[in-house]
Amino acid sequence: MELRGGRAARLALGLALLCSALEAAPAGPQPRAAGGQFWHVSDLHLDPTYHITPDRTKVCSSSKGANASNPGPFGDFLCDSPYQLILSAFAFMKDSKQQVSFMIWTGDSPPHVPVKELSTKLVISIIGNMSSTIRNFFPDLQVFPALGNHDYWPQDQLPVTTSEVYNAVADFWKPWLTDEAINTFRKGGFYTQLFESSDSSQPLRIISLNTNLYYSPNSVTVNITDPANQFAWLEGVLETSSQKKEKVYIIGHVPIGYLPYARNTTAIREYYNERLVKIFRKYSSVIAGQFFGHTHRDSIMVLLDEEEKPVNSLFVAPAVTPVKSVWQMESNNPGVRLYQYDLLDYSLLDLWQFYLDLRDANKKNESNWKLEYIFTKAYGIEDLKPESLYEVAKQLSVPHSTLFEQYYSNFIVSYDKTIVCEEGCKTCQICAIQYLDYSSYTDCVNREATWR
């Protein structure tokens, strides 16, 4: 919803946020006057076992017996989120007083723990806990959720027909979703719903995909051409949207495309990835944005058509959980983000990424969520349309690009400024941003030596 005071109120709000959030603020960036806003949160990964104890191996189940590194009230980089961290994120969002039209929540509530430490009952109870936590903070806000690969037991094994988890979660999400959306969700963990806004002339269609059906570790869907008939359903919904001249946001947990930190690796099975890329290219004029989570990192992708023309903007939001494995060099600080969109055509105008410096919060025993960056200011572009993101992608691929250093720091949510991403690391990042299908990605990786 647009702020009633128009530009002045919007500006005052934005500047108040900026003053408190940006330590070295560039002079006067202003939130846009003529746009709507929505929040995006992902990968909460609550660890109910988290507690401070002298035995570092017992701080949290999610460290899997490893010594927690430096545990404090808001968590540890070897643990999933304590409830206090999740509460601090939602409290920050609520206290920011941002006028938002809705929130998207792209899944993964339970912790990363061995299968035997969870159960269907526990997983359902944690998703219920997170759903009611969000509703308590934002009782009147429209929320569009998506299921994550951990929102099931055993993890990753989401089924192609109705299940106890789908039914229980459908009940939790009834306050947010229409009867039709709930009925679709019960059958396969996905749904579509119109968002009607008094500020916009046309409605926005949200399509919440269950991309976990395509996730490589999901053994239930091996050799199934169209798990839960979601491809056929998706094409049908997009075709209808196209005829009705609707605009669509795609939301999901596991992203399409290639992982930016692993060479030649898609997050979902390659066959499914090729199929989704084809569908999204066909309906790119209808789709105004795509939003995912899962990787716990902050990244962008630009979908190019067969002629290498940018046709879609995709965003992967970083996690609230700060967890990493013992063997990983980097993790992420907890993050939440705010998007700004055009009220006329729902095209994306900007994103404000907020984060909690976990080390600092634990040291001071207080959570001071701050603005990490404003996308258009950080990358020197006008908006987040595909053409603008493509410009960023080209700038990032320049050898020794300082902009790429900034992008990588944002990728790990300011976790550690001393970590650099060069050579093979940079190749993976650059190719994943621009090339989402097998042939173009492979070509990119093979010609890395020419531009590095």
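Just above sits the structure.
To keep things clear, this report deals only with the structure shown in the data block. Note that the structure is a prediction, hence the values are computed from the model and not measured.

A few words now on the sheet that holds strand 5 (residues 204-208). On the basis of which strands lie adjacent, the open sheet formed by 6 strands has the order 4-5-6-7-9-8 and mixed pairing. Either end of the sheet is taken by a strand with one partner, and the two such strands are strand 4 (191-195) and strand 8 (299-304). Taken pair by pair, the neighbouring strands of this sheet meet at an average axis angle of 20°, ignoring direction. One ladder, built from 4 bridges, connects strand 6 (residues 247-251) with strand 7 (residues 287-292); its direction is parallel. From the neighbouring strand, Val 248 faces strand 7, where its bridge partner is Ile 287.

Quick look at the sheet that holds strand 10 (residues 335-342) now. Across the sheet, which stays open at both edges, the 6 strands sit in the order 3-2-1-10-11-12 with mixed pairing between neighbours. Bordering the open sheet on either side are strand 3 (142-145) and strand 12 (370-374), each of which pairs with just one other strand. Here the average twist between neighbouring strands, direction ignored, is 25°. Relative to strand 3, strand 2 (residues 102-105) is paired through 4 bridges, and the arrangement is parallel. Considered in strand 3, the bridge of Ile 104 is made with Phe 144. Packed onto the sheet, helix 2 (residues 83-95) meets strand 1 (35-41), strand 2, strand 10 and strand 11 (348-355) and runs at close to 170° relative to strand 1. Seen against the sheet, helix 3 (residues 120-137) touches strand 2 and strand 3 and runs at an angle of roughly 160° to strand 2.

To continue, consider the environment of Gly 36. Tracing the chain through its elements places Gly 36 in strand 1. If we ignore the near neighbours within four places in the chain, the residues touching Gly 36 are Tyr 339, Gln 340, Tyr 341 and Leu 343.

What follows covers the packing of helix 4 (residues 164-172) against helix 5 (residues 179-188). At a minimum axis separation of 7 Å, helix 4 and helix 5 run at an interaxial angle of 155°. Relative to helix 5, the element helix 4 is oriented roughly antiparallel. Crossing geometry of helix 4 relative to helix 5 is assigned as right-handed. Facing helix 4, whose interface residues are Tyr 166, Asn 167, Val 169, Ala 170 and Asp 171, helix 5 presents Ile 182, Phe 185, Arg 186, Lys 187 and Gly 188. Broken down by class, the residue content of the contact of helix 4 with helix 5 amounts to 5 nonpolar, 2 polar and 3 charged.

Reading the values: rules and limits
Residues numbered from 1 in each chain as written. Predicted model: local features only at pLDDT ≥ 70, side-chain atom pairs only at ≥ 80, totals over all residues. Heavy atoms only, no water. Pairing = 2+ DSSP bridges. Helix = DSSP H or I, 4+ residues; strand = E, 2+ residues; numbered from the N terminus. Axes fitted to C-alpha atoms, helices over the stretch in contact; angles between N-to-C directions. Contact = heavy atoms within 4.5 Å. Parallel < 35°, antiparallel > 145°, perpendicular 65-115°, else oblique. Left-handed = near helix turned anticlockwise from the far one by under 90°. Nonpolar A, V, L, I, M, F, W, Y, C, P; charged D, E, K, R; others polar.

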